[in-house]
Amino acid sequence: HSLFMAISGGRDWNELYFPLYENSVMCAFMFMFYIFFVVFGVLNTVTGAFVDSIRVTSMADNDVVIEEAMQETDKFRRDVRAIFEEADSDESGTLSWDEFEAHLQ
């Protein structure tokens, strides 16, 4: 109970450390080791895992945005190609100035 309160901010470390130190230096040392291990080891690992999962999610979102932009570009390219193919009245694969002017009117 006291160990959880020490790492979660429920009680100040000094409130728990000094009574231990007065009774047993070894217990006080073990308490400080526990605090160090949990705060810097376990909690930082959990925080790192959380940040990494957010990073992966963000990258996936970025990939979706890029994919949508590529699809829009591809659709625009197909639409423009269809316009020029429609304007190519002799179906030669090239668009003359006369064909272009005729298509605009």
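No experiment lies behind these values; they were computed from the predicted model shown.

(A) Here's a closer look at the packing of aromatic side chains. Applying the stated criterion to the full structure yields five aromatic pairs. Ring geometry for Tyr17 and Phe18: centres 5.3 Å apart, planes at 70°, overall edge-to-face. Note on Trp97 and Phe100: the rings are 5.5 Å apart at their centroids and 40° apart in plane angle, and the pair reads as tilted. Of this pair, Trp97 and Phe100 both sit in helix α4 (residues 97-104), separated by three residues, roughly a single helical turn.

(B) Structural context of the side chain of Asp88. Mapped onto the fold, Asp88 is located in the loop between α3 (25-87) and α4. No salt bridge is formed by the buried Asp88; the nearest opposite charge belongs to Arg81, separated by 9.6 Å. Every residue in contact with Asp88, bar those within four places of it in the chain, is listed here: Gly93, Thr94, Leu95 and Glu99.

(C) Expanded view of the environment of Met32. Its location among the elements puts Met32 in helix α3. Along the sequence, Met32 and Asp61 sit 29 residues apart, while their C-alpha atoms lie 42 Å from each other.

(D) A look at the nonpolar core. Judged by nonpolar contacts, Ala6, Leu16, Phe31, Ile35 and Val39 together constitute the single largest core of five residues. With three residues, the top contributor of residues to this core is α3. Excluding residues within four positions of it along the chain, Ala6 makes contact with Arg11, Trp13, Leu16, Phe31 and Ile35.

Reading guide: rules and limits
Residues numbered from 1 in each chain as written. Predicted model: local features only at pLDDT ≥ 70, side-chain atom pairs only at ≥ 80, totals over all residues. Heavy atoms only, no water. Phe/Tyr/Trp six-rings, centres within 6.5 Å; stacked < 30°, edge-to-face > 60°. Helix = DSSP H or I, 4+ residues; strand = E, 2+ residues; numbered from the N terminus. Buried < 20%, exposed > 50% of the residue type's maximum accessible area, 1.4 Å probe, protein only. Lys, Arg positive; Asp, Glu negative; His and termini not counted. Salt bridge = Lys/Arg side-chain N within 4 Å of Asp/Glu carboxyl O. Contact = heavy atoms within 4.5 Å. Core = buried A, V, L, I, M, F, W, Y, C linked by side-chain atoms within 4.5 Å.

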